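Observations on the three-dimensional arrangement
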Amino acid sequence: MTPIIQPNSPIKRLERLDTGISFPFVFKDEDKNKRARQFAQTIVVDLFEQRCHRSFSRLSRYENDLANGIFFYVSEQLSAKWAQWNQQKQQRKVKSDVGATR
C-alpha cells in the first residue's frame, strides 16, 4: 500500500512556523510542490522502501543516525553563519570607528 502524501503540505507547514528562518529562495507553488514531492520521495522510497525494506523497526534504527546527521549539518551551518555575522559586525564597527575619527 503506497502512503498518501500531499506534496505541498511540508512546505506550507514550514512557511507557517514562526521560527525566524526564512527560505533563501522564492519559488512558485508548482516548484514548491515539485521539491516537496522529491523530498517525500527520498524519505519514502529511498529510505523506507529501499534501505528499510518497508520495516518500521529498521526505520526506527535509522532515526538516531538521521537525527545526528541533521544536527551536525545544522550546527555546521549555524556556526558558519555566526562567524560570517561576527565578521560583518566587526567590519561595521571598524567603519564606524573610522568615520567617527574624521
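Each chain has its residues counted from 1, running along the sequence as written. pLDDT decides what is reported in this predicted model: residues at 70 or higher carry local features, side-chain atom pairs at 80 or more are listed and counted, and totals for whole chains, interfaces and linings draw on all residues regardless. Here the side-chain values reflect all heavy atoms present in the structure, with hydrogen atoms and water set aside.

A word on the overall build of the chain
- By definition, any uninterrupted DSSP run of H or I lasting at least four residues is a helix, any uninterrupted run of E lasting at least two residues is a strand, and each is numbered from the N terminus. Looking only at helices and strands, one finds three helices and zero strands in the chain.
- By the burial criterion, 9% of the 102 residues in the chain qualify as buried. The classification of residues rests on relative accessible area computed with a 1.4 Å probe and restricted to protein chains. Under 20% of the type maximum is buried, over 50% is exposed, and intermediate values are partly exposed.

Considering the packing of aromatic side chains
- Note on aromatic contacts: the rings of Phe and Tyr and the six-membered ring of Trp form a pair at centre separations within 6.5 Å, being stacked when their planes are under 30 degrees apart, edge-to-face when over 60 apart, and tilted otherwise. Applying the stated rule across the entire model yields two aromatic pairs.
- When the centroid spacing of 4.9 Å and the interplanar angle of 45° are considered together, the rings of F48 and F56 count as tilted.
- Given a relative accessible area of 16%, F48 falls into the buried group.
- Looking at F56, the relative accessible area reads 62%, which means it is exposed.
- Here W82 and W85 contribute two aromatic rings whose centre-to-centre distance is 5.5 Å and whose plane-to-plane angle is 85°, an arrangement assigned as edge-to-face. With W82 and W85 both in helix α3 (residues 56–100) and three residues apart, this pair spans about one turn of that helix.
- With a relative accessible area of 37%, W85 lands in the partly exposed category.

Some points on unusual backbone geometry
- A positive phi angle is found at H53, which is not glycine, with a value near 50°.
- With respect to the helices, strands and loops of the structure, H53 is situated in the loop between α2 (29–51) and α3.
- Assessed through its relative accessible area of 53%, H53 is described here as exposed.
- At R54, a position not held by glycine, the phi torsion is positive, near 60°.
- Locating R54 in the fold gives a position in the loop between α2 and α3.

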